[in-house]
Amino acid sequence: MSVPTEHLYVLAAILFGTGVLGFLIRSNVIIVLASIELMLNAANLTFVGASR
Amino acid sequence: MAEILFYLLALGAVGCGVGVVAARMPLFSVLFLLGSFFCLSGIYLLAGFQFLAATQLLVYAGAIMVLFLFVIMLLNLGEASELRRHAGQGLTRGRLAIAGVTAVAMVLVGVVSAGWGEPHAAAPTGEVATSRAAHGIDQLDAIADVLFGRYMLPFEAASILLLATMIAVIALAKRQRDEGASHEPRESTGWPWKKGVEQ
């Protein structure tokens, strides 16, 4: 796969931003936890991009 | 071909991420999260991390999602799952700005730190490339060597930490239940924790 690493970072950042937004605007505990999981996955994607 | 697949999967991951935040019911939010995990797993596979992709599916889609769905479908939380916040709920401009600034800052940090290293020095050369091919699934025995060799102690410490957390959660939940049972008379069914559930 010859996708530039920056695109992986951009994808991770968009996912992380979505997670932050969900953490801030939703009041349901389960959705807040799901948003945190989304942020953790964005962090994992950043690690993948950095080690590629 | 792989590039098109990557962008499709990225689009799916972002769409499912937006669905997680925008879904009205927690159940749909969790199902969107599941879709996002599958898309990310496909991206890991495309990037050449087979072990990570399999772990993502096993741990996230297999374990954490089942936990979420169990909590939603069995516990029937209802009002109890709503957080009380000081400020009003909803999409305000300030919150949108915080999320946007976080995302942009993350891109900047990532791109700048990637640019700081020697440009294109990370391309696999000779030994690394052949060892990767020889080891098959993204150097699984290298991971095992590091995990059970150099980082043995932190690994075991993490497992003890998880065990301690589990015991603490059981103790806390048990104390809460005992307090609840002492304040109110026991139901005739003999299941004090099923009080709120309709028959």
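Read on for a plain summary of the structure.

Conventions and cut-offs
- Residues numbered from 1 in each chain as written.
- Chains lettered and ligands numbered in written order.
- Predicted model: local features only at pLDDT ≥ 70, side-chain atom pairs only at ≥ 80, totals over all residues.
- Helix = DSSP H or I, 4+ residues; strand = E, 2+ residues; numbered from the N terminus.
- Rg over C-alpha atoms; globule rule 2.2 N^0.38 Å.
- Buried ≥ 20, exposed ≤ 12 C-beta atoms within 10 Å, placed from the backbone.
- Contact = placed C-beta atoms within 7 Å.
- Expected span 1.5 Å × (residues − 1).
- Core = buried A, V, L, I, M, F, W, Y, C linked by C-beta atoms within 7 Å.
- Nonpolar A, V, L, I, M, F, W, Y, C, P; charged D, E, K, R; others polar.
- Axes fitted to C-alpha atoms, helices over the stretch in contact; angles between N-to-C directions.
- Parallel < 35°, antiparallel > 145°, perpendicular 65-115°, else oblique.
- Left-handed = near helix turned anticlockwise from the far one by under 90°.

As for the overall build of chain A
Tallying secondary structure elements over chain A gives two helices and zero strands in all. For 52 residues, the compact-globule estimate of 2.2 N^0.38 gives 10 Å, and chain A exceeds it by more than 25% at 12 Å. Reported as C-alpha extents along the three principal axes, the dimensions of chain A are approximately 40 × 15 × 15 Å. Here chain A holds 52 residues, and 56% of them are scored as buried.

Some details on the overall build of chain B
Along chain B, the regular secondary structure elements total seven helices and zero strands. The helix and strand sequence of chain B, counted from the amino end, reads α-α-α-α-α-α-α. When each of the 199 residues of chain B is scored for burial, the buried share is 17%. Taking all contacts inside chain B whose residues are at least 6 apart in sequence as the whole, residues at least 24 apart take part in 45%.

Thoughts on helix α1 (residues 5-25) of chain A
Relative to the 30 Å expected for 21 residues at 1.5 Å per residue, α1 of chain A spans 30 Å between its end C-alpha atoms, a close match to the ideal helical length. The buried count for α1 of chain A comes to 16 of 21 residues, which makes it a mostly enclosed element.

A short note on the nonpolar core
Counting 45 residues, the largest nonpolar core has A12 and F16 of chain A as its most contacted members. Contributing elements (two or more residues each) for this core: α1 and α2 (29-51) of chain A together with α1 (2-22), α2 (26-46), α3 (50-75) and α4 (93-116) of chain B. Sort the elements by how many residues they give to this core and α1 of chain A lands first, with twelve residues. Discounting chain neighbours no more than four positions away, the residues touching A12 of chain A are A42, L45, T46 and G49 of chain A together with M106 of chain B.

Regarding the interface of chain B and chain A
Opposite the 45 residues of chain B that make contact, chain A presents 36 residues. For the side of chain B that touches chain A, the secondary structure elements donating two or more residues are α1, α2, α3 and α4 of chain B. Among the elements that line the side of chain B that touches chain A, the one with the most residues is α4 of chain B, at twelve residues. Partitioning the side of chain B that touches chain A into residue classes produces 32 nonpolar, nine polar and four charged.

Brief notes about the packing of α2 of chain A against α2 of chain B
It is the contact of α2 of chain A with α2 of chain B, at a shortest axis distance of 10 Å, that shows an interaxial angle of 5°. Judged on the interaxial angle alone, α2 of chain B and α2 of chain A are roughly parallel. Two secondary-structure elements touch here, α2 of chain A through I30, I31, A34, E37, L38, N41, L45 and V48 of chain A and α2 of chain B through P26, S29, V30, L33, S36, F37, L40 and Y44 of chain B. A class-by-class count of the residues in the contact of α2 of chain A with α2 of chain B yields twelve nonpolar, three polar and one charged.

Some thoughts on the packing of α1 of chain A against α2 of chain A
Residue and element names in this part refer to chain A. Across the interface, α1 lies against α2 with an axial gap of 8 Å and an inter-helix angle of 165°. Here α2 runs roughly antiparallel to α1, going by the angle between their axes. For the crossing formed where α1 meets α2, the hand is left-handed. Facing T5, L8, Y9, L11, A12, L15, F16, T18, G19, V20, G22 and F23 of α1, the residues of α2 in contact are I31, V32, S35, I36, L38, M39, N41, A42, L45, T46, V48 and G49. The residue inventory of the contact of α1 with α2, partitioned by class, reads 16 nonpolar, eight polar and no charged.

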